[in-house]
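Analysis of the macromolecular model
These are the residues of each chain, in order.
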Amino acid sequence: MDIQAQTRRPALEVVYTVLHAGGKFGGGGYKVSGGLHGVGASVVNALSEWLVVQVHRDGKIYEMKFSRGAITQEMKIVGDTELHGTFVTFKPDGELFDETVYDYETLHTRMREQAFLNGGLTITIEDKREGREQADTLYYEGGIREFVSYLNKHKAPLHEDVIYLSGTKGDAIAEIALQYNDGYNENIVSFANDIHTPEGGMHETGFKTALTRVINAYGAKTNVIKGDDKLPEAQFEGQTKQKLGNAYIRTLVDNIVSDQLSTYFEEHPATAKAILEKAMMANRAREAARKAKESVRRKTGLESGQMPDKLQDCNERDPSLCEIYIVEGDSAAGSAIQGRDSRFQAILAMWGKMLNVEKARADKIYGNDKLYPLIVALGAGIGDEFNIEKLRYHKIIIMADADVDGSHIRTLLLTFFFRYMRPLIEKGYVYSAVPPLYKLTRGKTQRVAYSDEQRDAISAEMRGDNPNVKIDISRFKGLGEMDPHELWETTMDPELRTLRRITLGDAIAADQVFTVLMGEEVEPRREWIEQNAQYVVNLDI
């Protein structure tokens with residue numbers, strides 16, 4: 001509430017109207033703050049139809065009002081209070097945003113993440129909108145220990161306790177929590193100052209390097225690892241966006257893991273043995289995958305430049321202009337090949353149900369006759385070898401029938417992309433084609449509908465003022481039933497088609513859903529179906 005020295009205006013006004021002001025208010029409070037650039041409050045103000053700030057301090061309520069960044073009420077005292085804290089209320093500007101309705105679950109997920117990262121902090125989120133009333137109080141005394149337990153909720157842990165390590169160096173603080181499970185999919189979730197760092201950085205580098213060193217040292221000491229059996233040093237690639245670059249953090253995390261995890265292994269030999277055996281098993285699986293990859297290359301001749309027989313490639317070579325349709329079934333693929341624009345549209349035919357990678361090791365994937373052609377066609381590799389710079393298409397479109405089998409195929413493909421090519425989804429390169437469900441005919445006029453509601457609306461529109469006119473409505477049985485012209489007009493023409501982009505708004509929730517729906521455990525899947533069955537209106541059997 002004081003006057004800010006540089007501007008001679010109230011600090012409250014400066015924070016909400018001047019960009020980069022927050023960082024000028026000194027250090028101390030910014031050890032774990034995500035907002036280091038001083039733009040949050042002023043940007044929200046600029047993009048709001050109105051914004052009101054009330055600060056309860058020293059027995060008084062100070063209030064200031066704004067509209068689209070401009071001051072509409074100077075700071076003034078509007079009452080007395082026994083509280084201490086700040087209320088900020090704002091309305092997003094409908095002239096700037098097409099969508100101004102908040103999604104509760106998005107906010108709930110973000111707040112839950114913050115509560116995990118700040119053990120002992122209570123965060124309450126409440127929706128007071130009529131018909132949408134709900135509330136959650138988020139409190140996790142165990143902090144990131146409970147975060148790891150949450151991540152492993154539907155998995156089978158190898159050891160009961162979550163291993164927790166922490167340390168400081170100067171103003172820097174680092175916390176690590178880990179627990180191995182019986183799967184083969186690494187799931188590292190890292191943060192810097194409460195902000196998710198999906199591309200890792202120095203903190204992850206320090207962790208992985210030290211973890212490998214500690215496991216190798218313990219394995220050698222206990223004679224489990226001999227000679228060339230030791231785990232290879234981790235390799236790190238990636239771009240610098242959303243990535244922590246502070247080198248001193250790598251040293252801090254490396255030292256914490258090296259010292260404290262070594263001690264933990266000595267004090268918990270049973271857990272150390274389970275982790276070591278799992279690490280060796282995963283290492284052998286990687287080696288088996290490498291050999292399987294080489295074997296498949298030799299047998300099939302799928303070397304560089306030679307594409308799978310099932311791929312009908314496009315002429316364009318700029319990946320940003322290319323798209324590939326993954327089509328199930330030879331009849332649908334035949335129509336797609338004839339109906340496509342071969343300048344930029346490639347078709348990859350798949351047949352039958354593909355491998356459920358949630359339950360498979362990497363060597364099984366390379367040896368799978370359905371997945372390997374897909375890996376070669378995309379050109380970017382999988383898992384640790386994945387390199388998005390080598391990707392041959394920036395639109396990967398899953399084109400499956402609008403029935404149970406089609407949904408299953410989509411889920412299997414998305415599980416594969418999620419587990420072994422996750423950057424495809426993170427970059428927004430994966431789409432699902434939306435084929436029409438109905439064809440409506442009146443005389444020589446034909447229309448298509450993508451839902452029951454659209455079918456009824458189009459039918460009424462085609463009847464016009466004559467309710468007795470006959471409208472012939474037929475349901476498409478599948479993509480294979482469409483001729484090339486129909487498939488192009490309804491599903492492949494960029495001017496007319498509908499595509500649904502596959503997003504990864506919440507990687508943690510996605511990981512859990514894939515584990516529940518595609519994993520080995522039956523009980524969590526049964527519970528999920530029971531809880532969500534109420535939302536199914538039309539069940540296609």
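Attention here is on the structure that accompanies the text. Because the structure is a prediction, the values reported are computed rather than measured.

Reading the values: rules and limits
Residues numbered from 1 in each chain as written. Predicted model: local features only at pLDDT ≥ 70, side-chain atom pairs only at ≥ 80, totals over all residues. Heavy atoms only, no water. Axes fitted to C-alpha atoms, helices over the stretch in contact; angles between N-to-C directions. Helix = DSSP H or I, 4+ residues; strand = E, 2+ residues; numbered from the N terminus. Parallel < 35°, antiparallel > 145°, perpendicular 65-115°, else oblique. Contact = heavy atoms within 4.5 Å. Nonpolar A, V, L, I, M, F, W, Y, C, P; charged D, E, K, R; others polar. Buried < 20%, exposed > 50% of the residue type's maximum accessible area, 1.4 Å probe, protein only. Polar contact = N/O pair within 3.5 Å; in protein donor to acceptor, adjacent residues only side chain to side chain. Phe/Tyr/Trp six-rings, centres within 6.5 Å; stacked < 30°, edge-to-face > 60°. Lys NZ or Arg CZ within 6 Å of the ring centre and 35° of its normal. Pairing = 2+ DSSP bridges. Core = buried A, V, L, I, M, F, W, Y, C linked by side-chain atoms within 4.5 Å.

1. Side note on the packing of helix α8 (residues 330-339) against helix α14 (residues 484-492)
Two packed helices can be described by the angle between their axes and the distance between those axes. Direction vectors running N to C along α8 and α14 enclose 80 degrees, while the axes themselves pass 8 Å from each other. The angle between α8 and α14 places the two elements in the roughly perpendicular class. For the pair α8 and α14, the contacting residues are Ala332, Ser335, Ala336, Gln338 and Gly339 in the first and Pro484, Leu487, Trp488 and Met492 in the second. Partitioning the contact of α8 with α14 into residue classes produces six nonpolar, three polar and no charged.

2. Concerning helix α10 (residues 371-378)
With eight of its eight residues buried, α10 lies for the most part within the structure. Three or more residues of α10 are buried, namely Leu371, Tyr372, Pro373, Leu374, Ile375, Val376, Ala377 and Leu378.

3. Things to note about the side chain of Thr197
One can find Thr197 in the loop between β12 (195-196) and α5 (202-221). Residue Thr197 is classed as buried on the basis of its relative accessible area, which comes to 7%. Within the structure, Thr197 has its side chain in polar contact with the side chain of Ser190 (distance 2.7 Å).

4. Topic: the environment of Gly59
Within the element layout of this structure, Gly59 appears in the loop between β3 (48-57) and β4 (60-67). Given a relative accessible area of 29%, Gly59 falls into the partly exposed group. A sequence separation of 24 residues divides Gly59 from Leu83, and the C-alpha atoms of the two residues are 7.4 Å apart.

5. Structural notes on the packing of aromatic side chains
Per the counting criterion, the structure on display carries eight aromatic pairs. Taken together, a centroid distance of 5.9 Å and an interplanar angle of 25 degrees make the contact between Tyr16 and Phe66 stacked. On the criterion of sequence distance, the pair formed by Tyr16 in helix α1 (residues 11-17) and Phe66 in strand β4 is long-range, its members being 50 residues apart. Like Phe66, Tyr16 is buried. Plain terms: the ring middles of Phe416 and Phe417 are 5.8 Å apart, the flat faces sit at 40 degrees to each other, and that makes the pair tilted. With respect to class, Phe416 is no different from Phe417; both count as buried. Among the aromatic residues, ring-to-ring pairing joins Phe116, Tyr140, Phe147, Tyr150 and Phe191 into one connected group. For the cation-ring pair, Arg145 lies above Tyr164, with the distance from its terminal atom to the ring centre recorded as 3.7 Å. A cation over an aromatic ring shows up here: Arg422 above the ring of Phe418, its NZ or CZ 4.2 Å from the ring centre.

6. Some words on the pairing of strand β9 (residues 163-169)
In terms of strand pairing, β9 meets strand β10 (residues 172-178) through seven bridges, oriented antiparallel. For Thr168, the partnering residue across the bridge sits in β10 and is Ile173. Connecting β9 to the antiparallel partner β10 that follows it, the hairpin turn spans two residues, and Gly170 within it adopts a positive phi of roughly 65 degrees.

7. Quick notes on the nonpolar core
Residues Ile324, Leu374, Leu378, Phe416, Phe417, Met421 and Leu424 are the most contacted members of the largest nonpolar core, which totals 46 residues. A total of eight residues in this core trace back to one element, the largest contributor, which is helix α11 (residues 404-420). Ranked by size, the runner-up nonpolar core spans 29 residues in total, among them Ala174, Tyr180, Ile225 and Val253.

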